[in-house]
Amino acid sequence: MDFERFVFYVFAVILVFAAGRVITVRNPVHAALHLVLAFFTCAGLWMLLEAEFLAIILVLVYVGAVMVLFLFVVMMLDINVSPLREGFVKYLPLGFTVALLIFAEMFLVLGVKNFGAEAVAIPARHGADYSNTRELGSVLYTDYVYPFEIASVILLVAIIAAIALTMRRRPGTRSQDPVEQVAVKREDRVRLVKMQSEEKNG
Amino acid sequence: MAEFWEIIREPFFITLKIVAILVPLLLAVAYLTFAERKIIGYMQVRIGPNRVGPRGWLQPIADALKLLMKEIVVPTSSNRYLFLIAPMISIAPALAAWAAIPFTDTLVLANIDASLIYILALTSVGVYGVIIAGWASNSKYAFLGAMRSAAQIVSYEIAMGFALVGVLIAGGSLNLVEIVKAQQGSLVHWFWLPLFPLFLVYFISGLAETNRAPFDVAEGESEIVAGFHVEYSGMAFAVFFLAEYANMILIATLAALMFLGGWLSPFEGTWFEAWFAWVPGIFWLLAKTSLFLFCFLWFRATFPRYRYDQIMRLGWKVFIPITIVWIVVAGGLVLGEVGPWFN
């Protein structure tokens, strides 16, 4: 067993374990932390595939930003575990159907027919001067420029929609205007009064 | 035996190189704390630590020994496992990021192609140490500190990332060695001039990312005692401390590499160039890094702590618009081949 395969199996075992813990562990904070671990080991696997840009971006975006916000929300919730289990039997058929559907879909796409060793050739190894980032950029902005632009416009629409849905003007709230605060002068705040000194009584 | 040496040789030399980076780094961390106390002391017209060793030079050693001897108290209703793992999560990325830092054009442990985003990604992982510490302590103050820190780091990381986008447009590469090489010429060829707003935004975001004053609301002692590490003692606390200072040195080094020409001599292209040709490049890098580190300490002695809503406003409403505008300007400068930087 060469070193690369050894690294692959180490990462794979950790990834499967972490992904399993995400759905089996009871504490939501622990589940979120296991998801972080899953992302991180997944990035390690991508690194083995010479996709270093994607691997680093996975850590940067999902681990560094998305999961921080996730944890932020999950930690704020004070979830009591026992009421969550009450409707378990009632929702079981529906949940089972959804799980079956997802499994069938994934089987059709990711099945042995499409992803077996025969269907996908072993990717060629590149030399040390190969730049994954440069290749990705040149493909993204030439061959796939329209899908790329459309995807970014959809994301922009989603951002604007999210802001528009959640933003509401509450009347009566008081907030500071930094422009006014910066522009303030001494004369606005302090009034200097000139007066004669007075005699001491007694 | 000879075969065994063949297998072990490369890992052995890599380990040696890692030690050669980390030992000076940890020494630098120790003496940065000493420098901080001395410099802030002089700024406040007092002497600072001067009892241990000649002129206080052994003070950091004494501090480290004291922290090593202290008991690590684990609060009874805390999450023991996460409580102990949090300091490790905090220090590991702070040290791992140094793997991709070039000290001169050849002196670099791992000259990887995407070193800039590798470092950005690793520094963003460091926030987990703070969040987990705050949550696992099962203490209100620690939790408040963790929440503040998480919100602050996520906000400022966007501004910082955009500032780095400007640098990579100007440098034409994600590799730090290439970015420094693109700044060759003279003092005005360095990227601080064409990217001046990004330079300021990067450095201030770096202050906020490392939770340093005036952005140290995560451990604001007047409001929430000591923030996320309120329950930590002994070596576990020292590890958080180490991580914070290692991150400070990292941010300062990155600022020197990206905006002040890294190991390039400031006298390049002037009459003095020949006089200073004998100075090794790493000296200039360390000098520039020290300049930024001095600024870190200077700001701590100068500015009062920001209020929390003001921090958020600065990050989202001031820095992000500035960086977006300047990315467009930088793109224009590169496309128009504006001299002396991009022709």
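Residues numbered from 1 in each chain as written. Chains lettered and ligands numbered in written order. Predicted model: local features only at pLDDT ≥ 70, side-chain atom pairs only at ≥ 80, totals over all residues. Heavy atoms only, no water.

(A) Spatial organisation of the overall build of chain B. Within chain B, the secondary structure is distributed over 12 helices and zero strands. Going from N to C terminus, chain B has its helices and strands arranged as α-α-α-α-α-α-α-α-α-α-α-α. Its C-alpha atoms give chain B a radius of gyration of 21 Å, near enough to 20 Å, the size a compact globule of 343 residues would have. Each principal axis of the C-alpha atoms in chain B carries an extent, and together these give about 65 × 60 × 45 Å. (Helix = DSSP H or I, 4+ residues; strand = E, 2+ residues; numbered from the N terminus. Rg over C-alpha atoms; globule rule 2.2 N^0.38 Å.)

(B) Focus on the pattern of salt bridges. All names here are of chain B. For the structure shown, the criterion picks out six salt bridges over all chains. Two residues, Asp63 and Arg37, come together in a salt bridge whose shortest N-O distance is 3.0 Å. Linking Asp63 in helix 2 (residues 59–69) with Arg37 in helix 1 (residues 2–43), this pair joins segments that are 26 residues apart in sequence. In this structure Asp63 comes out as partly exposed when scored by relative accessible area, which is 24%. Looking at Arg37, the relative accessible area reads 38%, which means it is partly exposed. A salt bridge links Glu244 to Arg212, with the shortest nitrogen-to-oxygen separation between them at 3.2 Å. Taken together, the positions of Glu244 in helix 10 (residues 234–259) and Arg212 in the loop between helix 8 (196–209) and helix 9 (221–224) put the pair 32 residues apart, joining distant regions of the chain. For the residue pair Glu244 and Arg212, the accessibility class agrees, reading buried in each case. (Salt bridge = Lys/Arg side-chain N within 4 Å of Asp/Glu carboxyl O. Buried < 20%, exposed > 50% of the residue type's maximum accessible area, 1.4 Å probe, protein only.)

(C) Up close: the interface of chain B and chain A. With 26 residues of chain B at the contact, the number on the chain A side is 27 residues. In this assembly, chain B packs against chain A so that about 2,200 Å² is buried in total across both faces, 76% of it on carbon and sulfur atoms. Across the chain B-chain A interface, the total number found is zero salt bridges. On the surface where chain B and chain A come into contact, there are two residue pairs in polar contact (both at pLDDT 80 or more). Of all the elements in the fold, those that place two or more residues in the side of chain B that touches chain A are helix 4 (115–125), helix 5 (127–136), helix 6 (140–171) and helix 12 (308–335) of chain B. (Contact = heavy atoms within 4.5 Å. Buried area = accessible area lost by both parts, 1.4 Å probe. Polar contact = N/O pair within 3.5 Å; in protein donor to acceptor, adjacent residues only side chain to side chain.)

(D) Summary view of a nonpolar patch on the surface. Residues and elements named next belong to chain A. Taken together, the side chains of Tyr91, Leu94, Val98, Ile102, Met106, Leu108, Val109, Leu110, Phe115 and Val120 make up a nonpolar region of the molecular surface, amounting to roughly 1,000 Å² of accessible area. Ranked by residue count, the leading element in the nonpolar patch is helix 5 (residues 88–110), at eight residues. Mapped onto the elements, Leu108 comes out in helix 5. Leu108 gets classed as exposed once you look at its relative accessible area, which sits at 64%. (Patch = residues over 30% accessible without salt bridge, like charges linked within 9 Å, V, L, I, M, F, W, Y side chains within 5 Å. Areas by Shrake-Rupley, 256 points an atom, 1.4 Å probe, with all protein chains shown as cover.)

(E) Geometry of unusual backbone geometry. All names here are of chain B. We note that Val45 has phi near 55°; this positive angle belongs to a residue other than glycine. Looking at the element boundaries, Val45 is found in the loop between helix 1 and helix 2. Notably, Asn138 is not glycine yet its phi reads approximately 55°, a positive angle. You can see Asn138 is positioned in the loop between helix 5 and helix 6. What makes Asn138 partly exposed here is its relative accessible area of 49%.

(F) The nonpolar core, seen in detail. Residues and elements named next belong to chain B. Among the nonpolar cores identified, the biggest contains 114 residues, and Ile119, Tyr128, Tyr202, Met258 and Phe259 are the most heavily contacted of them. With 17 residues, the single largest contributor to this core is helix 10. Apart from residues no more than four positions distant in its own chain, Met258 is found in contact with Leu116, Leu164, Val167, Leu176, Ile179, Gln183, Phe191 and Tyr202. (Core = buried A, V, L, I, M, F, W, Y, C linked by side-chain atoms within 4.5 Å.)

(G) Spatial organisation of helix 6 of chain B. Spanning 32 residues, helix 6 of chain B covers 45 Å between terminal C-alpha atoms, matching the ideal 46 Å at 1.5 Å per step. Among the 32 residues in helix 6 of chain B, 24 count as buried, and that is most of the element. (Expected span 1.5 Å × (residues − 1).)

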